[in-house]
Structure formats: structure tokens, C-alpha cells
Amino acid sequence: MAADRIEREIIIDASQEQVWAVLTEADHVARWFGDSARVDLRPGGKMVFGWKEHGSHYARVEKVEPPGFFSYRWARTPGAEPVAGNSTLVEFTLAAEGSGTRLRVVETGFANLDVSEEEKGTAVKQNTEGWVAELGELQEYAERLAA
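Residues numbered from 1 in each chain as written. Predicted model: local features only at pLDDT ≥ 70, side-chain atom pairs only at ≥ 80, totals over all residues. Heavy atoms only, no water.

Participant: Please give an account of the sheet that holds strand E3 (residues 46-51) that cites residues and values.
Facilitator: Across the sheet, which stays open at both edges, the 7 strands sit in the order E1-E7-E6-E5-E4-E3-E2 with antiparallel pairing between neighbours. Of all strands in the sheet, those bounded by a partner on one side alone are strand E1 (5-12) and strand E2 (36-39). When strand polarity is set aside, the average angle formed by the axes of neighbouring strands in this sheet is 20°. Pairing of E2 with E3 involves 4 bridges; the strand directions are antiparallel. (Pairing = 2+ DSSP bridges. Helix = DSSP H or I, 4+ residues; strand = E, 2+ residues; numbered from the N terminus. Axes fitted to C-alpha atoms, helices over the stretch in contact; angles between N-to-C directions.)

This is the structure:
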């Protein structure tokens, strides 16, 4: 059975407000998470993340509590709306850590994807590797802005 949870936590040398902006504003998101982004930052708002090599992935904002918590549900399949069976929930928690910010991301819902166990395992592996890379890019971008 595939794991149902991915967790990553990093410390970013930038204020919580700066990290919040990098995480939630489309112009910033497109600098670290894909090649383009659209963000309607309100519960139920739509988001689109675009990658030249992966297509556009659609998401729906679930919860927004500035500047400490933000979540969305996103579709695994490019071009599909996020619904039960094709999406996972991504939650970001931000907390002040000295002069920087502790950012934690948790992605869940892989067990509920309407795909084979093998495909669920592949999704967990790909997204685990993806979050390592994307959070590294987020950290680098946020720290460059804060400098």
C-alpha cells in the first residue's frame, strides 16, 4: 500500500510575511513553482500552476489564514479540475523562527486517488521528489528577495 502522506519542513531566512507573499501571490509563485501561476486567494478560489514539461494543473483553495496557514486541493492530471479521486490536499503552515520562518508542507490523499496501487506509489514518489526541489527553489527565491 502506498504512503498517504508527504511532509517537509524547512527554515527560510526571510520574514513570515515575505514567505507568505512568495507562497500565495501568483507573480512570486511562478518564480519557484513551475513556469506560470494564477491564484485567487480565497476559500473556493481557483489556482492554476503551469509547467512547460507537465502542462497546467488546476487547484482549488481550501483555507486561507494569513500569514500562518494556506491549503489547496490540486488535481493530479493536467487540465483536470480537482475532485474526489483525482486530487490531493496540500497544506502549508508558516511560523516565525527567530528572524526567519519555519515552513511546513503536508500533502495527503494519495490513498484516495482512483488509480492502481502502483500509480499511487508513483505519485507519492514523484511528489516527494517534487517538494524537495520546489521548496529548495522557494527557499532560494524568498531569501534572495529578503536580502
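Participant: Before we move on, can you summarise the pattern of salt bridges with the specific residues and values?
Facilitator: Counted under the stated rule, the structure contains 11 salt bridges. Arg-104 is the salt-bridge partner of Glu-7, the closest N and O atoms lying 2.1 Å from each other. Taken together, the residues Glu-7 in strand E1 and Arg-104 in strand E7 (residues 100-108) connect sequence positions 97 residues apart. With a relative accessible area of 42%, Glu-7 lands in the partly exposed category. The residue Arg-144 makes a salt bridge to Glu-140 at a minimum N-O spacing of 3.5 Å. With Arg-144 and Glu-140 both in helix H3 (residues 117-146), this residue pair falls 4 residues apart, about one helical turn. Since its relative accessible area comes to 54%, Glu-140 is described here as exposed. Beyond isolated ion pairs, a larger network of salt bridges with shared partners links Arg-5, Glu-7 and Arg-104. (Salt bridge = Lys/Arg side-chain N within 4 Å of Asp/Glu carboxyl O. Buried < 20%, exposed > 50% of the residue type's maximum accessible area, 1.4 Å probe, protein only.)

Participant: Kindly report on empty space enclosed by the protein, identifying the contributing residues and their values.
Facilitator: Rolled over the atoms, a probe as big as a water molecule pinpoints where empty space is left. Applying the stated criterion to the full structure yields 1 cavity of 30 Å³ or more. For the lining of the largest cavity, the secondary-structure elements that each account for two or more residues are helix H2 (26-32), E3 and strand E5 (69-75). By residue class, the composition of the lining of the largest cavity is 9 nonpolar, no polar and no charged. (1 Å grid on protein atoms, 1.4 Å probe; cavity = no way out; pocket = protein on both sides within 12 Å on 5 of 7 lines; lining within 4 Å. Points joined across faces, edges and corners; volume = space filled by probe spheres on them. Nonpolar A, V, L, I, M, F, W, Y, C, P; charged D, E, K, R; others polar.)

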